[in-house]
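Here's the letter readout for the chains.
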Amino acid sequence: PIGYDPTAIEARWRERWAERGTHRTDIAHGERPFYALMMFPYPSAEGLHVGNLFAFTGCDIYARFQRLQGHTVFEPLGYDAFGIHSENFALKVGRHPMELIPSNIRNFRRQLDRAGLMVDWSKSVDTTDPNYYKWTQWVFLQLYKQGLAYKKAAAVNWCPSCKTVLANEQVEGGACERCGTMVEQRFLEQWFFNISKYAPRLLENLDTLDWSATTKQAQRNWIGRSDGARLRFPVLDPLADAGSSAVSVTAEVRTGGTTIEVFTTRPDTIFGATYLVLAPEHPLVDALTTPMQDGAVRAYRARAAKQDLVSRKTSKEKTGEFTGSYAVNPATGEMIPIWIADYVLMEYGTGAIMAVPGHDERDFEFATKFELPIVRVVAGEGQTAKTPLGEAAYVGDGVLVNSGQFDGLSVDEAKVKVTAWLASRHAGDAVTNYRLHDWCISRQRYWGPPIPIVYCDSCGTVPVPESQLPVLLPNIPDFKPDDSGISPLARHEEWYHTPCPQCGKQARRETDVSDTFLDSAWYFLRYPSVGRDDIAFDAATTKKWLPVTTYIGGNEHAVLHLLYSRFITMVLHDGGLLDFEEPFTKFRAHGLIIREGAKMSKSRGNVVNPDEYIDKWGADSFRTYLMFLGPFEEGGDFRDSGISGVKRFLDRLWIAVRDRDESAAADAEVMRKLQATIKKVGEDVPALSYNTAIAAMMEYMNVLRKGERTPARAEVEPLVQLVAPFAPHIAEELWAMLGHATSVFDSRWPTFDASLLVSDEIELVVQVGGKTRGKVLVPKDVTQDAALAAAKADPAIGKFITGEPKKVILVPGRLLNVVV
Ligand code: ANZ
Ligand code: ZN
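Everything quoted here is computed from the prediction, not taken from an experiment.

Participant: Got a minute to help me understand the sheet that holds strand S33 (residues 815-819) in this structure?
Facilitator: Strand pairing in a sheet relies on backbone hydrogen bonds. The paired strands run either parallel or antiparallel. Taken together, four strands build an open sheet; the order of strands is S31-S30-S33-S32 and the sheet is mixed. Looking at strand neighbours, the two that pair on one side only are strand S31 (771-779) and strand S32 (807-811), the edges of this open sheet. Strand-to-strand, the axes of this sheet are offset by a mean angle of 20°, without reference to chain direction. Pairing geometry for strand S30 (residues 761-768) and S31, over eight bridges, is antiparallel. Opposite Glu 763, over in S31, you have Leu 777 as the bridge partner.

In structure tokens, the structure reads:
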């Protein structure tokens, strides 16, 4: 027999695990708790994707390894099954999500079971289960109680095809990320969570977290802290001064009392602010627009209102309109025109800017197009106050010029001094601004938890009392969204008519459902407490198991999901419900599997169906192969050919254990290699360097089976434990074959004898033309050619080996002599 048959072995072990409860975590009593969390999947109709399996396997290996280290490991998994993905799919295939999603979940579960994950299925969650979303609604109420949930009318990105609001990050180049339709702007009354209030804390806490550096950076960028100033520009009485040329005025005398506040990160450039720009939606626009400019301003605002926010930020060609009014630059005392333009966004800062065309690229383009004055106020290396700006703004560092008493100060000094000066004149204050917007959680869709709010004519907005949760999502046939912008639930009087929880009079339920990101912003709190129907999460259990020890997931969730989860955790902490404020102590982002150089996707037709591979090769080979594709945090290229090599490795392992000689003494050389392998795998696995760990085990196998020798028991037994996290079924089989009655995962990771760890590498002295030029590190049994190659590759030595050497002499273990 040349190999083993995974089909029979794997099915048998899965049954045994289920019977013995091998994967059940003793939540109440387990010692040294270790919470290994993986991002839960959305149960798509296509079933499990290799990308899912790559991620889950990577987490599973980590978790199994921690169990072998003596931790009580909790590895839960569930389904993120609400939301637009599921709903759109249901619409596409003409089925109801309430019927479709459970069947998707069953199929997912079947596939997941075959992957051999150490998941404790007794603690699973399905976000569409009323027993789960009851608590999602409860989370909403906690925010409401703390004054962090509010309703406001807001401009939103609206996809006319998906008929829903999109977050900015769901808009790509002005089009809907899902369907490609051009996005419009609409005004809708929506529920928001005040996450921006938490921006400073969300930013500062990042320093305390052990997370992938790229993920932390993505969060920092998203939160987007800017230090700057709010400066106030008095508006001139429009009727008194419209049309006159720029002259010095005394602000106090001629202003009508209105001021325009701008946010700037460059207060040092205020002497170069030659005009102001307001966002077209700015509330002062109507008051500022003179009768002469009224028609043009109206037309411009109407056009801007149709555009989506993303293309407004990115579009190259500058457009705008003059309001007809002027303000006073508080530094120069000059009157400067007030414009509106769509490159200024209402959502950021104050919705108004001071334009400094000399030193800001966008302002430069705008001023050039509309022939507005451009003044230099910063001079870089070799420049003076008089150096013309030429074709572009000067955005570099330097010293101030044309800036009165501040001339000669560096940009950084001037930022502080100019702000202080303006503050002393009541014209501004230093402020820190954050890009982070409040989180819009309303969705005018069907497939989500109804927002637990009732509107009553007498009592106003009334939160649904906790005792009345869940607000059940009704089963309605007409769940399809339409153009009206209101939720499908708003068509069902029989559902939304409800007695007011306060006064009992007839009232109306909120008909929007909440964002799927809310479902996933707290699911990790629920897992350990699944089964407790009286509470979202049990205090003692939570104290024991949380924060999550290690979280593994995709970098596509680096920003939103992880940020929202952190926010919700902080809010619950502030409400006295949690004693920690960061949910994920350690987070690692896994890489992506690509195929033939392209991301796997259905549209490219290059999706790998894991079922086929598992049928043919077994889950153990498939898992190990996935981990062998490349560094786990980088991912790799999936090729059909590679898996046979991994299967061969497991075959050889099986044969080695089966054919071992129980009475043979272990070979010293093999045992030395084994020590090195135990050490390496034990270091690589916790570092998620799975591919190198597998390579090390394969290398050991070559030593073990050199010349088809029969191994001794001591040479193979620890190897079975090393392989176990990767290939759990065969490891259990072999562990039993070695005479153990209990699971290999209840054994302890093998230790190694450091005294046996001799280095296989030596330092070789290299002489070139009779002179010693350095040393190279080479394998003990290096060949002359390989030693020469190593010498050439060393820059300090290689530079002396010019041309073909006349002669090369290797003194093994000591010296390489190159005659040139
Ligand atoms: C004057 C100035 C001079 C600026 C200069 C830049 C360079 P960050 O760093 O991203 O925070 N700005 C402020 N609010 C804006 C809005 N609502 N829409 C569009 N742009 C806005 O950017 C801050 C800078 O972006 C601010 O500093 C402002 O332009 C602009 F040489 O003010 B600055
Ligand atoms: Zn009422």
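Participant: Got a minute to help me understand the site of ligand 1 in this structure?
Facilitator: In the vicinity of ligand 1 there are 17 residues, among which Ser 226, Thr 264, Arg 266, Gly 349 and His 359 approach most closely. Of all the elements in the fold, those that place two or more residues in the shell around ligand 1 are strand S10 (255-264) and strand S14 (352-355). Taken together, the residues that form the shell around ligand 1 break down as seven nonpolar, eight polar and two charged.

Participant: Help me understand the pairing of S14, please; the structure alone is not making it clear to me.
Facilitator: Side-chain direction in a regular strand flips from residue to residue, so the side chains alternate between the two faces of the sheet. Of the two faces of S14, the one holding Ala 352 and Met 354 and the one holding Ile 353 and Ala 355 are both buried throughout. Here strand S11 (residues 275-278) runs beside S14; their pairing, made up of four bridges, is antiparallel. The residue bridging Leu 276 from the neighbouring strand is Met 354, located in S14.

Participant: It is not clear to me how the sheet that holds strand S28 (residues 598-599) should be interpreted in this structure. Could you clarify?
Facilitator: On the basis of which strands lie adjacent, the open sheet formed by three strands has the order S28-S27-S29 and mixed pairing. On the outer flanks of this sheet lie S28 and strand S29 (635-637), each paired with one strand and no other. Bridging between strand S27 (residues 592-595) and S29 involves three bridges; their strand directions are parallel. By the bridge assignment for S29, Leu 592 is matched with Gly 635.

Participant: Please explain the environment of Thr 692 as it appears in this structure.
Facilitator: Inspection of the secondary structure assignment puts Thr 692 in helix H24 (residues 690-704). Here the alpha-carbon distance between Thr 692 and Val 681, two residues eleven residues apart in the chain, equals 8.0 Å.

Participant: Explain the packing of helix H3 (residues 84-93) against helix H4 (residues 97-114) to me, please; I cannot follow it from the model alone.
Facilitator: What describes two packed helices is the angle between their axes and the distance between those same axes. Direction vectors running N to C along H3 and H4 enclose 110°, while the axes themselves pass 10 Å from each other. When the axes of H3 and H4 are compared, the pair comes out roughly perpendicular. Across the interface between the two elements, Ser 86, Glu 87 and Ala 90 from H3 touch Pro 97, Leu 100 and Ile 101 from H4.

Participant: Which parts of the structure should I look at to understand helix H14 (residues 411-424)?
Facilitator: Every α-helix carries 3.6 residues per turn, so stepping three or four residues along brings you back to the same face. In this model H14 runs 20 Å from its N-terminal to its C-terminal C-alpha over 14 residues, within 8% of the 20 Å that 1.5 Å per residue would give. Within H14 the residues assigned to the buried category are Ala 414, Lys 415, Val 418, Thr 419 and Leu 422. Burial along H14 is one-sided: seen end-on, the buried residues are contained in an arc of 125°. Facing away from the buried side of H14 by more than 90 degrees, the exposed set consists of Asp 412 and Ser 424. Buried residues along H14 sit against strand S9 (225-236), strand S16 (399-400) and strand S17 (428-434). Directly beyond the C-terminal end of H14, a positive phi value near 60° is found at His 426.

Participant: Please clarify how the domain arrangement of the protein should be interpreted in this entry.
Facilitator: Much of the literature gives interface size as the accessible area that the parts lose upon coming together. Domain assignment breaks the protein into domain 1 (139-206 + 439-516), domain 2 (225-434) and domain 3 (761-819). Placing a centre on the C-alpha atoms of domain 1 and another on those of domain 2 gives a separation of 37 Å. Across the contact, eleven residues belong to domain 1 and ten residues belong to domain 2. When residues of the side of domain 1 that touches domain 2 are traced back to their parent elements, those giving at least two are strand S3 (149-159), strand S7 (184-193) and helix H6 (199-204). Partitioning the side of domain 1 that touches domain 2 into residue classes produces five nonpolar, five polar and one charged.

Participant: Where do I start with the nonpolar core in this structure?
Facilitator: As a rule of thumb, nonpolar side chains are buried together in soluble globular proteins. The biggest cluster of nonpolar side chains holds 141 residues, and the ones touching the most others in it are Ala 36, Phe 567, Leu 653, Met 697, Val 720, Val 723 and Ala 731. At eleven residues, the largest contribution of residues to this core is made by helix H2 (residues 50-68). Residues contacting Val 720, with those up to four places away along its chain left out, are Val 657, Ala 731, Leu 734, Trp 735, Leu 738 and Val 744. Grouped together as the second largest cluster of nonpolar side chains are 54 residues, Tyr 275, Met 335, Phe 366 and Val 377 included.

Participant: Looking at this structure, I do not really get the packing of helix H21 (residues 619-628) against helix H22 (residues 643-658). What am I missing?
Facilitator: Where H21 contacts H22, the axes come no closer than 9 Å and their chain directions differ by 120°. Comparing the axis directions of H21 and H22 gives the class oblique. Two packed elements cross with a definite hand, and for H21 against H22 that hand is right-handed. Packed against H21, whose contacting residues are Asp 620, Ser 621, Phe 622, Thr 624, Tyr 625 and Phe 628, the element H22 presents Ile 643, Val 646, Lys 647 and Leu 650 at the interface. Partitioning the contact of H21 with H22 into residue classes produces six nonpolar, two polar and two charged.

Participant: Where do I start with unusual backbone geometry in this structure?
Facilitator: Excluding glycine, residues mostly carry a negative phi; peptide bonds, for their part, are mostly trans. In this structure, Pro 470 follows Leu 469 across a cis peptide bond, with omega equal to 0°. Its place among the elements puts Pro 470 in the loop between strand S21 (460-463) and helix H15 (493-496). With an omega of 0°, the peptide bond running from Leu 546 to Pro 547 counts as cis. Within the element layout of this structure, Pro 547 appears in the loop between helix H18 (539-545) and strand S25 (550-554). The phi torsion at Asn 402 lies on the positive side, around 50°, for a residue other than glycine. Checked against the element boundaries, Asn 402 lands in the loop between S16 and H14. With 17 C-beta atoms packed within 10 Å, Asn 402 lands in the partly exposed category. Even without a glycine there, the phi angle at His 426 is positive, about 60°. Residue position: His 426 is located in the loop between H14 and S17. Given 10 C-beta atoms within 10 Å, His 426 falls into the exposed group.

Calculation rules
Residues numbered from 1 in each chain as written. Chains lettered and ligands numbered in written order. Predicted model: local features only at pLDDT ≥ 70, side-chain atom pairs only at ≥ 80, totals over all residues. Pairing = 2+ DSSP bridges. Helix = DSSP H or I, 4+ residues; strand = E, 2+ residues; numbered from the N terminus. Axes fitted to C-alpha atoms, helices over the stretch in contact; angles between N-to-C directions. Near = placed C-beta within 6 Å. Nonpolar A, V, L, I, M, F, W, Y, C, P; charged D, E, K, R; others polar. Buried ≥ 20, exposed ≤ 12 C-beta atoms within 10 Å, placed from the backbone. Parallel < 35°, antiparallel > 145°, perpendicular 65-115°, else oblique. Contact = placed C-beta atoms within 7 Å. Expected span 1.5 Å × (residues − 1). Arc of directions from axis to C-beta. Domains from an automatic or database assignment. Core = buried A, V, L, I, M, F, W, Y, C linked by C-beta atoms within 7 Å. Left-handed = near helix turned anticlockwise from the far one by under 90°.

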